[in-house]
Structure formats: structure tokens, C-alpha cells
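Results of the structural survey
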Amino acid sequence: MAEAKSTMVPDFEIKFLLDNSQVLDPASFKPNDFLRSALTLPGKPIRMNVQFLDTPAKEIYNAGWSPRIRKIEGESGYELTFKKRYPIIDDQADGAIDAIDLLTALNLAKGDGFDATETKYDAQVEWGFEKQTLSISRKKKVKKDSVGKKEIGLPDEEESRKLLVEEIPGKFDDWSFQQWGRSLLSQAVIYGPVLAERYEGTWEGVEVDVEVWPLRSKDTETGMDNIVEVSFKSDNGNEAGDKHKALGKYLAEKGWLVPHDLLKTQLIMDRY
């Protein structure tokens with residue numbers, strides 16, 4: 001990967017969708033024995049409760065931002081994330097990341113003020129089956145005496161707005177105009193929550209995560225769709241590319257791979 005001067009240096013997160021009918025137990029909707037064995041998954045997951053905030057017209061999401069509140073089992077307090085996404089345009093449409101395509105996205109982010117001098121934000125390439133996205137994230141931990149490690153609940157709408165406004169970063173707040181962010185958050189509603197499960201395993205020496213996200217069905221008001229995703233992270237683009245190919249091939253040979261991409265955030269924004 002070519003490295004651009006004065007731009008952020010991203011890490012990489014490889015993500016593949018799995019066919020839930022092939023990898024989940026039909027009774028419990030948890031990873032079946034085949035998936036557990038292949039990826040050395042533990043019996044007990046880490047639960048994560050997640051919700052997003054936006055106006056009813058989704059003005060924040062349409063501007064490329066996603067403010068999120070997450071409660072992770074085993075951690076105290078809440079994790080707040082403000083994420084800005086930039087698409088990486090793959091001219092070859094082959095699923096690989098071209099250095100020029102990545103540099104173009106990094107330069108777009110740099111034009112918005114996200115560069116190597118902005119140490120409070122993290123850059124990451126989210127690399128799916130065929131699409132890639134550059135995400136720039138600012139995470140903040142909020143400690144609450146009443147929210148311990150065993151708690152999994154999330155704050156209500158009023159408290160969620162308050163938490164996000166209190167911790168709002170300047171770039172998000174003044175994105176389109178001064179105090180753009182807080183003005184929209186003051187009108188925001190909750191999208192979610194979604195109580196997901198994460199299983200931490202390994203594949204060929206690589207640490208992988210399998211997440212199961214039960215999302216409201218698009219077809220019925222009471223039904224649920226279980227979104228299953230396997231992912232791993234790497235600091236090296238070339239290494240990430242090699243393992244992307246290897247893991248994708250392995251999952252396809254098992255009959256588990258869903259050969260397309262989706263963005264869980266978009267599904268939550270559409271269905272809640």
C-alpha cells in the first residue's frame with residue numbers, strides 16, 4: 001500500500017457475511033458445532049447492546065456520520081463512537097484495494113481535516129467481500145456509577161442525546177455549520193437497540209470474531225433476521241489482502257460464505 005504524506009494511516013478490518021442457515025443452530029440461533037470447531041469459538045459469547053441516534057429524516061447518516069452508543073458486557077460504562085465514512089471506489093470491481101483508490105479516500109478525509117495530526121481519531125479500512133470503506137472514528141468512554149460491568153442496558157432517548165452532546169467532538173459538531181451536530185442530536189431518536197453477541201476465536205493462527213446480530217425483519221414487524229459476520233483485523237494492507245483471499249476461499253469451500261456485502265448500520269437505520 002502506498003502511504004500518503006500528512007494523511008492518516010489506517011488499519012484493516014476484513015469482514016465476511018455467513019449464511020445463517022448453515023452456521024447457526026436452528027433452535028438456539030447460536031454458532032453450530034461445525035462453525036465452533038472450524039474457528040475454535042468459545043461456548044459463551046460477549047454481549048453487546050448497540051443503538052444509533054439520528055433525526056427522523058436521517059440527516060446525520062445522510063451526511064456520512066453515525067453517532068453510536070454501545071454497552072459491552074464485562075466493561076464499565078458506555079462507549080460512544082462518532083464515525084465518518086468515505087467510500088473507496090474500486091475501479092476494477094474485483095474486491096481488491098488499489099493504493100490509488102485508498103489514497104483518494106484518504107485525501108477526501110484529509111480535505112475535511114482528518115490527517116496525521118488528528119491523533120484523537122482512528123482510521124480503518126472496512127473490507128468486505130467486494131466493497132471497501134474508509135471509516136474515521138472518535139471513541140469516548142463514559143463512566144457511570146450505576147452502569148457496571150454486568151449491566152447490558154442502554155440509556156433512554158433523552159439521556160442518550162445528553163451523553164452524545166456532552167462528549168461531542170468539534171469536527172462532528174461543526175460539520176456543515178457551527179453546532180450542526182448538537183442541533184441535530186437535540187432532535188434525534190433512537191435507531192435500535194440491537195443486542196448482539198460476539199464470539200472470539202482463531203483461524204489458522206489469526207484472531208477472528210464471529211458476531212450474531214438479530215435485526216428486525218424487513219418483511220414482518222415481529223420477525224427477526226440473524227446477521228452473521230466473521231472478521232479479523234490487520235495493520236498491514238498486503239497481509240490483509242492475502243488473508244482476505246484465503247479466508248474468503250475457505251468460507252466458500254465450506255458453503256458458508258454469502259457472496260455480497262451489507263452494512264449493519266444501514267440495516268439498523270432502515271429497519272428501526
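Named according to an unreviewed UniProt entry, the protein is CYTH domain-containing protein originating from Apiosordaria backusii.

Moving on, we come to the overall build of the protein. Scanning the protein from terminus to terminus reveals 9 helices and 10 strands. Taken against the 2.2 N^0.38 rule, which gives 19 Å for 272 residues, the C-alpha radius of gyration of the protein at 19 Å falls within 12% of a compact globule. Seen along its three principal axes, the alpha-carbon backbone of the protein occupies a region of about 50 × 45 × 35 Å. Buried positions account for 49% of the 272 residues belonging to the protein. Nonlocal contacts in the protein, meaning residues at least 24 apart in sequence, comprise 70% of its contacts between residues at least 6 apart. Carbon and sulfur atoms form 46% of the exposed surface of the protein, whose accessible area is close to 13,600 Å². Each charge sign in the protein was given a centre, from 38 positive and 48 negative side chains, and these centres are 4 Å apart.

This part covers the pairing of strand β3 (residues 65-72). Along any regular strand, the residues point their side chains to alternate faces of the sheet. Counted residue by residue, β3 has 8 buried out of 8 residues, so it is predominantly covered. The pairing of strand β2 (residues 46-54) with β3 spans 5 bridges and is classified as antiparallel. In the sheet register, Gln 51 faces β3, and the bridge partner there is Ile 69. Where β3 lies against strand β4 (residues 78-88), 6 bridges are found, and the strand directions are antiparallel. By the bridge assignment for β4, Arg 68 is matched with Thr 81. Here β3 hands over to β4 after 5 residues, with Gly 74 in that stretch at a positive phi of 95°.

Counting 57 residues, the largest nonpolar core has Leu 39, Leu 134 and Ile 136 as its most contacted members. Per-element accounting of this core gives the leading share, 5 residues, to β4. Other than its neighbours up to four places away in sequence, Leu 39 contacts Gly 201, Thr 202, Trp 203, Val 208, Val 210 and Val 230. Within the second largest apolar cluster, 15 residues are counted, among which are Leu 17, Val 194, Trp 213 and Met 269.

Listed in full, the buried residues belonging to helix α5 (residues 157-166) are Ser 160, Leu 163 and Leu 164. Viewed along the axis of α5, the buried residues span an arc of 95°, placing them on a single side of the element. For α5, the elements touching its buried residues are β2, β3, β4, β6 (132-142), α7 (180-185) and β7 (189-203). Measuring from the side-chain oxygen of the N-cap residue of α5 to the backbone nitrogen of Glu 158 gives 3.4 Å; that N-cap residue is Asp 156.

Here Lys 71 shows up in strand β3. The side chain of Lys 71 sits in the buried core without any salt bridge; Glu 75 is the nearest counter-charge, 7.0 Å away. Apart from residues lying up to four places away in sequence, Lys 71 is in contact with Arg 47, Met 48, Asn 49, Gly 77, Tyr 78, Val 147, Gly 148, Lys 149, Glu 151, Ile 152, Gly 153 and Leu 154.

A word on unusual backbone geometry. Omega for the peptide link from Gly 192 to Pro 193 comes to -5°, which places this bond in the cis form. Among the structural elements, Pro 193 can be located in strand β7. Phi angles above zero are rare outside glycine, and Phe 29 is one such case at about 60°. Tracing the chain through its elements places Phe 29 in the loop between α1 (20-23) and α2 (33-39). Residue Phe 29 is classed as partly exposed on the basis of its relative accessible area, which comes to 45%. Even without being a glycine, Gln 179 presents a positive backbone phi close to 65°.

Rules and cut-offs
- Residues numbered from 1 in each chain as written.
- Predicted model: local features only at pLDDT ≥ 70, side-chain atom pairs only at ≥ 80, totals over all residues.
- Heavy atoms only, no water.
- Helix = DSSP H or I, 4+ residues; strand = E, 2+ residues; numbered from the N terminus.
- Rg over C-alpha atoms; globule rule 2.2 N^0.38 Å.
- Buried < 20%, exposed > 50% of the residue type's maximum accessible area, 1.4 Å probe, protein only.
- Contact = heavy atoms within 4.5 Å.
- Areas by Shrake-Rupley, 256 points an atom, 1.4 Å probe, with all protein chains shown as cover.
- Lys, Arg positive; Asp, Glu negative; His and termini not counted.
- Charge placed at Lys NZ, Arg CZ, Asp CG, Glu CD.
- Pairing = 2+ DSSP bridges.
- Core = buried A, V, L, I, M, F, W, Y, C linked by side-chain atoms within 4.5 Å.
- Arc of directions from axis to C-beta.
- Polar contact = N/O pair within 3.5 Å; in protein donor to acceptor, adjacent residues only side chain to side chain.
- Salt bridge = Lys/Arg side-chain N within 4 Å of Asp/Glu carboxyl O.

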